[in-house]
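Structural overview for review
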Protein chains: 2
Amino acid sequence: LKDNKHAKFRIDFLELHPIDQAEFFITLDKDERQTLYQILTSEEMAGVFQGLDFEEQKDLITETDQYYAANMINHLYADDAADFLSELEHSEAQKLLKAMNLEEANDVKELMAYPPKTAGAIMTKEFISLSSTNTVQEVIEKLRAEGPNAETIYYLYVVNPSNQLVGVLSLRDLITAPSDIRVETLMSPRVVSVIASTNQEEVAKIIKKYDFLAAPVTDDEGVLLGIVTVDDVIDVLEDEATEDFGDFTASRGATDVNVTSFKAARLRAPWIVLLMFFGLITAGVIDQFEETLNQIVLLAAFIPLLMGSAGNAGTQSLAVVVRGLALGTLEKKGLFQTLLREFYTGMMIGLICAASLMIIIPIFYGNLMLAFIVGISIFFSLSVATVIGAIVPLIINKLKLDPAFASGPFITTVNDILGLIIYFTIATALLDLL
Amino acid sequence: LKDNKHAKFRIDFLELHPIDQAEFFITLDKDERQTLYQILTSEEMAGVFQGLDFEEQKDLITETDQYYAANMINHLYADDAADFLSELEHSEAQKLLKAMNLEEANDVKELMAYPPKTAGAIMTKEFISLSSTNTVQEVIEKLRAEGPNAETIYYLYVVNPSNQLVGVLSLRDLITAPSDIRVETLMSPRVVSVIASTNQEEVAKIIKKYDFLAAPVTDDEGVLLGIVTVDDVIDVLEDEATEDFGDFTASRGATDVNVTSFKAARLRAPWIVLLMFFGLITAGVIDQFEETLNQIVLLAAFIPLLMGSAGNAGTQSLAVVVRGLALGTLEKKGLFQTLLREFYTGMMIGLICAASLMIIIPIFYGNLMLAFIVGISIFFSLSVATVIGAIVPLIINKLKLDPAFASGPFITTVNDILGLIIYFTIATALLDLL
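Residues numbered from 1 in each chain as written. Chains lettered and ligands numbered in written order. Predicted model: local features only at pLDDT ≥ 70, side-chain atom pairs only at ≥ 80, totals over all residues. Heavy atoms only, no water.

1. Some details on the pairing of strand 6 (residues 224–229) of chain B
Residue and element names in this part refer to chain B.
- Most of strand 6 is tucked away: six of the six residues are buried.
- Judged from the five bridges that link them, strand 5 (residues 214–218) and strand 6 form a sheet pairing that is antiparallel. Residue pairing across strands places Ala214 opposite Thr229, the latter belonging to strand 6.
- Between the end of strand 5 and the start of strand 6, which pair antiparallel, lie five residues, with Gly222 showing a positive phi angle near 85°. (Buried < 20%, exposed > 50% of the residue type's maximum accessible area, 1.4 Å probe, protein only. Helix = DSSP H or I, 4+ residues; strand = E, 2+ residues; numbered from the N terminus. Pairing = 2+ DSSP bridges.)

As structure tokens, then:
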């Protein structure tokens, strides 16, 4: 590129996988990028574009003239184009849509109109549909013509004259069939499909369950609208895992590594401050028991241990239930069964902890009363904590509320408060008794 | 099935997707299952088998005679057979392997010999390889013959006479090419491949990055050994997410929903007890400051708030770094840059929390000194907590140690201890000063 050997460079560059082209592209400086825009057609540049991050894509658009940019977006798959344009500012997106090829622009607009995180929003329009009366030979000719533009040609969808999905045929079945046979005898009439408003997580579960490479998306009347491919599903699964992770760690929407510390603080501080205010409730609870605390100051020393154990036990239950819901393994068991199991588990773990502490505390602190108070408290706290950890996500799931409320730190805070009340109530009662 | 309409049932049943067949199978009682074994051939039963969980598979094997069982395993893909037999008891697995077809058994044994969680362990042997001198027509004939047994026919791998991988050809390219052209002119000689000892997470990253449907696996000399398909990769990604989840919630290896409460307690109790022992260290730290605590008992009331905030801030940093490592976005930034960013973020969040508390505590508790102690402590605790939360997973990653040590609860415990030392040191110093 530097020695002006453009023709040679062009051939070498186009031999690379688009993802590697994109990795090479981001190492270039401004002048080199301008040269590249001149060497490559907008269609070739579309391959590079698709491998870039959103910010890099935005830079590319501003660096090229509008005609080149719009033409490049014409050559993207409609779902990739819709993803990019949805993230762009509205006026910018409209300008590009107007400059685009009309048919392409309409496809993209259609996808942008679906609510985010639904099958409609993540599907692509570049699929191949057949009529059931086509012969194998006709289908192969169709593939030669349309194949290069379709996102996948490995699943071929069969529609009736009103475009309703009636069957599916894999390229595998097609290639092993005689050439004069008709699609209707080859196709499988039992097609697993999703409707456009289906949540993307549901779509991912279906594709994962059946090991599909793609799933067709229809409207309520069964009219074929698009397909969701397995590579989109991998992205969905990663996004959902990131989201669950964020909920567990009070960092929802803030786990991006590549932001400044100021932006990170702005995104993360609200969670910390909110949870700190809950912490003020625990301070208030302890304050109520100041008198008890005055009698045995050492009670304070075991607050962290008790709270930590209850927090950990609750988080374990939460993890089991959230993971079970995500993987769909929980549905086989009943709700009540699950709660009961968590309660028993909590009691058993509580017993082990209580027994250990009733041996250790007298040895280190020579205080039998303290050992008794802490031991009984940890048993009750853990039994309650596992139930809280399991019941909250189950309720959230039933009510279809925002699962962030079932996040680890919130459950831990609830368990902290309950644990402290149990601890100081038992301590106060035992001290009064003596 | 109940009315003895076996022939009709057989046709209906075989029309179902194997996954749905499996779902139907587990609803059957023992007698019905025995009838099914008689109706279906071992090959047809292999489809059902592949859709079952390990425990269900084990039951099926014990219910059928050894000849039927071995024959069924012959018809599984080698990777599925290896997965099942590796989980089985050694003697049981050996018995089945001996009863199997020799060639199949050798393939399965080869896969079982690779270390778990490597490309070799998750790859399949059922792939299609071509010679570069084959013509398109010859390849299509080969696909007709071998296609039904291959796990995917969408990627065809080209090898030289010593079986070394030299190129790849997609079925898509093949179908759109004239029938007399040779493979060598069609194939892409730049094949992205992995070697058999590659970690499964690495394989998943590559397939995800390039949106592949499969990736070829070779030995050190480039000899083609097998392929990893995208559906295996989805399972790997889910497993890794579950594992990360387990590490974050002190429930590593214990998030399975379908175990008894006794087994759940046995799996989960070690984590809780281990962390409880760490909690004894925090109790020891507080015990050291008993005198300070005697002077202001109310200091105890803010222990949960301080520890909770430091714990949450540390877990946020941990989440950012762990997610960044998992998605590969962190590699673009330097290690030191990341730590510095987390430190600044911690200071900023710390400042906000300190300011809020210095206003709120005097209002509710009328104690300026307490407000001052808690405010300064939270500022320092959060600044330290974010750095600890970020540095530990980075070190673990560099040293390639078990990431469970960087899990949320461990980092929270370290932050608890540091936070308490900061809190009581500041409190003692300020009280001495006055």
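2. Some words on unusual backbone geometry
Residues and elements named next belong to chain A.
- In this structure, Asn163 takes a positive phi of about 65° despite not being glycine.
- Assignment of secondary structure puts Asn163 in the loop between strand 2 (155–159) and strand 3 (165–170).
- What makes Asn163 partly exposed here is its relative accessible area of 40%.

3. Concerning a nonpolar patch on the surface
Residues and elements named next belong to chain A.
- Where nonpolar side chains cluster on the molecular surface, the patch consists of Ile359, Ile363 and Phe364 and spans about 390 Å² of accessible area.
- Residue placement: Ile363 occurs in helix 19 (residues 335–365).
- The class of Ile363 is exposed, set by a relative accessible area of 63%. (Patch = residues over 30% accessible without salt bridge, like charges linked within 9 Å, V, L, I, M, F, W, Y side chains within 5 Å. Areas by Shrake-Rupley, 256 points an atom, 1.4 Å probe, with all protein chains shown as cover. Salt bridge = Lys/Arg side-chain N within 4 Å of Asp/Glu carboxyl O.)

4. Regarding the interface of chain A and chain B
- Between chain A and chain B, the contact holds 119 residues from the first and 119 residues from the second.
- A combined buried area of about 10,000 Å² lies between chain A and chain B, and 67% of that area is made up of carbon and sulfur atoms.
- For Arg268 of chain B, the salt bridge is made with Glu342 of chain A, and the minimal N-O distance between the two is 2.7 Å.
- Where chain A touches chain B, the interface holds 21 residue pairs in polar contact (both at pLDDT 80 or more).
- Examining the composition of the side of chain A that touches chain B, we find that 19 residues originate from one element, helix 16 (residues 261–288) of chain A, more than from any other. (Contact = heavy atoms within 4.5 Å. Buried area = accessible area lost by both parts, 1.4 Å probe. Polar contact = N/O pair within 3.5 Å; in protein donor to acceptor, adjacent residues only side chain to side chain.)

5. A look at the relation of the copies chain A and chain B
- When chain A is brought onto chain B, the operation consists of a screw motion whose angular component is 180° and whose axial shift is 0.1 Å, with 0.2 Å RMSD remaining. The symmetry that links the two subunits is that of a two-fold axis. Closest approach to the rotation axis among the C-alpha atoms of chain A is made by Ala300 of chain A, whose C-alpha sits 3.0 Å away.
- Counting the interface residues of chain A, we find that 100% of their copies in chain B are interface residues as well, pointing to one common contact surface. (Least-squares fit on C-alpha atoms with pLDDT ≥ 70 in both.)

6. Remarks on a negative patch on the surface
Residues and elements named next belong to chain A.
- Together, Glu55, Asp59, Asp83 and Glu87 line one region of the surface with negative charge.
- For the negative patch, the secondary structure elements donating two or more residues are helix 5 (54–63) and helix 7 (78–87).
- Along the chain, the position of Glu87 falls in helix 7.
- For Glu87, a relative accessible area of 53% gives the class exposed. (Lys, Arg positive; Asp, Glu negative; His and termini not counted. Charge placed at Lys NZ, Arg CZ, Asp CG, Glu CD.)

7. Re the pattern of salt bridges
All names here are of chain B.
- According to the stated counting rule, one finds 22 salt bridges over all chains in the structure shown.
- Across the pair Lys142 and Glu146 runs a salt bridge whose closest N-O atoms are separated by 3.9 Å. Residue Lys142 and its partner Glu146 are both found in helix 11 (residues 136–146); the two are separated by four residues, about one turn of the helix.
- You can call Lys142 partly exposed: its relative accessible area is 25%.
- The salt bridge partner of Glu342 is Arg341, with a shortest N-O separation of 2.7 Å.
- Using a relative accessible area of 0% as the deciding quantity, one classes Glu342 as buried.

8. A closer look at the sheet that holds strand 4 (residues 194–195) of chain B
- The mixed open sheet is built from three strands, whose spatial order is 4-5-6 (chain B). One side of each edge strand has no neighbouring strand; the edge strands of this open sheet are strand 4 and strand 6 of chain B.

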